[in-house]
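So the chains spell out like this:
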Amino acid sequence: MHVLLIGSGGREHALAKALASSPRLSTLTIAPGNPGMASLGELLPISDIDHIRVWVRTQHIDLVVIGPEAPLAAGWADVFRADGYAVFGPSKSAARLESSKSFAKQLMQRVGVPTAAFRSFTSAKEAQAFVRSANTPYVVKADGLAAGKGVVVADSVDETLDAIQLVANTPAGQQILLEERLYGPEVSLIALCDGVHAWPLPSSRDHKRLLDGDEGPNTGGMGTISPLRAINYSTAQELVQRTITPILNVLQAHNMPFIGALYAGLILTEHGPKVIEYNARFGDSETQVMLPLCDGDMLIALYTAALGQLNDDTLQWSNRAAACIVVGSYGYPNLPRRGDPITINTERLPTDGYVLHAGTQLVNGQLVSAGGRVLNAVGIGTDMHSALRTAYEVVDCIQLHGMQYRLDIGQTELL
Ligand code: AMP
Ligand code: GLY
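Residues numbered from 1 in each chain as written. Chains lettered and ligands numbered in written order. Predicted model: local features only at pLDDT ≥ 70, side-chain atom pairs only at ≥ 80, totals over all residues. Heavy atoms only, no water.

## With respect to the sheet that holds strand E9 (residues 176-179)
Strand order in the open sheet formed by four strands is E6-E9-E7-E8, with antiparallel pairing between adjacent strands. Where the open sheet ends on each side, the last strands, each with one partner, are strand E6 (118-121) and strand E8 (151-153). Averaged over all pairs of adjacent strands, the angle between strand axes in this sheet comes to 15°, irrespective of strand direction. In terms of strand pairing, strand E7 (residues 139-142) meets E9 through four bridges, oriented antiparallel. Residue pairing in the sheet places Val140 in a bridge with Leu178 of E9. Along the sheet face, helix H8 (residues 157-168) touches E7, E8 and E9 and points at about 5° away from the line of E7. (Pairing = 2+ DSSP bridges. Helix = DSSP H or I, 4+ residues; strand = E, 2+ residues; numbered from the N terminus. Axes fitted to C-alpha atoms, helices over the stretch in contact; angles between N-to-C directions. Contact = heavy atoms within 4.5 Å.)

Laid out in C-alpha cells, this is it:
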C-alpha cells in the first residue's frame, strides 16, 4: 500500500515509524516531513493543499493520514475524500470539536458528557465584568486554535482579568471561554474512530508546563508516559463509552462522522472524570509513547478506520511501558531560538531508546533546531522505571545549545 502522511512533527515521525513497520506498506510519502523521517519514507517538500492534490493525482495512493490540527481544521480531509481517497482524519465540520471550544462544549452539554462548567463571551469587557462580580479566578480559554497556548489557568482574580485581555488580543480569542477550574490528575484518552466505533489507544499523560513540578508557562507539552497505572484497557473502554462514543453518535446523527483520532483531555476529579478539551487528532507527544505500545498492524488499523470498518482485534495493548522526553529550544515557548546546531551521539543510544525529530532542519548538511519542540527522546521498557531511565539516557546523547527539558516526567506514576 502507498500511504501519504501529512505533517512534520514528532507525532508524525512516530506515525511514520509505526506505518513503516507494517508488512503491508509498499511506499510511504511524507509531506513535508522532517530530516529524521527521511530514512522511513520519501519526503515531499510541499505544504500546500493545491500542490499536494496535483501530486496525489499522479500516484496510486491507498491511504492519506493527516497529523496536525491546522490542515484538518482547514478541510484537507474533505478535499482528499472528494477526490476518492481513503483518509484517516476528520472532516472540517467534525474537526470543529477542536477548532471551536464552544462547539465542543455545546455538544458535550447536549449529550451529557461530563465537563467543567463554563460561560462564553464575545468581548473582553463583558468577561472581565463577569469575573469582577463573581470575584473568583477562572480558567481562561480562546475559542479557536492557538497551538496549545490559548489557555491560562489563573490563580487569582487579577490574573484572570489579565488573561482575558491577553487571550482577547490573539486571533483565536474573538470568543472567550471562562471555565471552572478542575483539580485532579490529567489523562489523555485517544481513540481510533471509524465514524461509529472507537478503539482506545494505551492511556497516557502529557506534562504541559515548561518546568519541573508543573511550574512555568503552558507549552505544547514537555513529555509523555504510557500506560497509566490507573487506566488499563477495560477502564479505557469505559472512559471511551462515557466521553467519546456519545460524541461519535451525535456527530454521526448530524452527518459529520468522525473518522480519525479523537483525543479527550480528561481530569479525574473527585466527582469522576471530566473532559477539559477535545482534539480532533493524535496528541503530540502522546502518539510517541502510545504507538510503540500497540501490538499489531497500525497501517491496517488506520486504513480500516478510514473505510468505516475498524476492527477491535487489529491492535492490542502491549504490556510494556514508554516515556518521551521533549527537548525544547532555548527560549521556548515564548521566543524559541532557531538555527542552533544539533548533535546526536547515535553510538551511545541505549537499546529500546531512540530519537524522534520534531522541529529540526538540515542547513548545508548540518542538523539545526527549527522550532520550539526540537527532539523527542523515547524509551521503551518492561515497566515505567526502565522506560524513563532509557528515555533520559537518550536525552544524554543529545547536544543542543540552550536545550530545555524536564527532569521529572512520569514521576507521579512512580510514587
Ligand atoms: P488545553 O489547551 O485545553 O489542553 O489546556 C491546557 C492545559 O490547561 C491542560 O492540559 C490543563 O493542564 C489546563 N486546564 C485546561 N482546562 C482546565 C480546567 N478547567 N481546570 C484545570 N486545568 C485546566
Ligand atoms: N499533547 C497535547 C496535544 O497534543 O494537544
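Here the narrative resumes, following the displayed structure.
## A closer look at the site of ligand 1
Taken together, 15 residues form the shell around ligand 1, and within it Glu179, Glu180, Leu182, Glu186 and Glu277 come nearest. In this structure, a nitrogen atom belonging to ligand 1 sits 2.9 Å away from a main-chain N or O atom of Glu180. In this structure, Leu182 approaches ligand 1 through a main-chain N or O atom, which is 2.8 Å from a nitrogen atom. The protein chains hide 92% of the 480 Å² of surface that ligand 1 would expose on its own. Those elements that place two or more of their residues in the shell around ligand 1 are E7, E8 and strand E17 (272-279). Considered class by class, the residues forming the shell around ligand 1 number six nonpolar, one polar and eight charged. (Near = heavy atom within 4 Å. Polar contact = N/O pair within 3.5 Å; in protein donor to acceptor, adjacent residues only side chain to side chain. Areas by Shrake-Rupley, 256 points an atom, 1.4 Å probe, with all protein chains shown as cover. Nonpolar A, V, L, I, M, F, W, Y, C, P; charged D, E, K, R; others polar.)

## Looking at the site of ligand 2
Close contacts around ligand 2 come from Asp206, Lys208, Gly220, Tyr263, Asn279, Arg281, Gly283, Asp284, Ser285 and Glu286, and that covers them all. Interatomic distance of 2.7 Å between a side-chain N/O atom of Asp206 and a nitrogen atom of ligand 2. Asn279 is positioned such that a nitrogen or oxygen atom in its side chain is 3.4 Å from an oxygen atom of ligand 2. Contact with the protein chains covers 90% of the free accessible surface of ligand 2, which is 200 Å².

## Details of H8
Look at H8: 17 Å from first C-alpha to last across 12 residues, which is about the 16 Å you get at 1.5 Å a residue. Taken residue by residue, H8 has Val157, Thr160, Leu161, Ala163, Ile164, Val167 and Ala168 as its buried positions. Along the axis of H8, the buried positions cluster into a sector of 160°, meaning they face one direction only. Facing away from the buried side of H8, by more than 90 degrees, are the exposed residues Asp158, Asp162 and Leu166. Contacts from the buried residues of H8 go to helix H7 (124-134), E7, E8 and E9. (Expected span 1.5 Å × (residues − 1). Buried < 20%, exposed > 50% of the residue type's maximum accessible area, 1.4 Å probe, protein only. Arc of directions from axis to C-beta.)

## Notes on the nonpolar core
Core analysis: the biggest nonpolar cluster contains 104 residues, and Phe80 and Leu192 have the highest contact counts within it. If near-sequence neighbours (up to four positions away) are discounted, Phe80 is found in contact with Leu4, Ile6, Ile49, Ile52, Val56, Val64, Ile66, Tyr85 and Val87. Membership of the second largest hydrophobic core comes to 16 residues, among which are Phe130, Ala142, Val157 and Ile164. (Core = buried A, V, L, I, M, F, W, Y, C linked by side-chain atoms within 4.5 Å.)

## Let's talk about the pairing of strand E20 (residues 321-328)
The two faces of the sheet receive side chains in turn, since in a regular strand these alternate between them. Of all eight residues making up E20, eight are buried, and the element is well covered by its neighbours. With burial as the criterion, each face of E20 is covered, one bearing Ala321, Ala323, Ile325 and Val327 and the other bearing Ala322, Cys324, Val326 and Gly328. For strand E15 (residues 223-226) and E20, the ladder comprises four bridges, and the chain directions are antiparallel. If you follow Gly223 over to E20, its bridge partner there is Ile325. As paired elements, E20 and strand E25 (residues 373-381) share eight bridges and run antiparallel to each other. Directly across from Gly328, in E25, lies its bridge partner Arg373.

## A word on the sheet that holds strand E5 (residues 87-88)
An order of E3-E2-E1-E4-E5 is seen for the five strands of this open sheet, with the pairing classed as parallel. In this open sheet, the two strands that pair with only one neighbour each are strand E3 (42-43) and E5. Packing against the sheet, helix H2 (residues 49-57) makes contact with strand E1 (2-7), strand E2 (27-32) and E3, and its axis sits at approximately 175° to E1.

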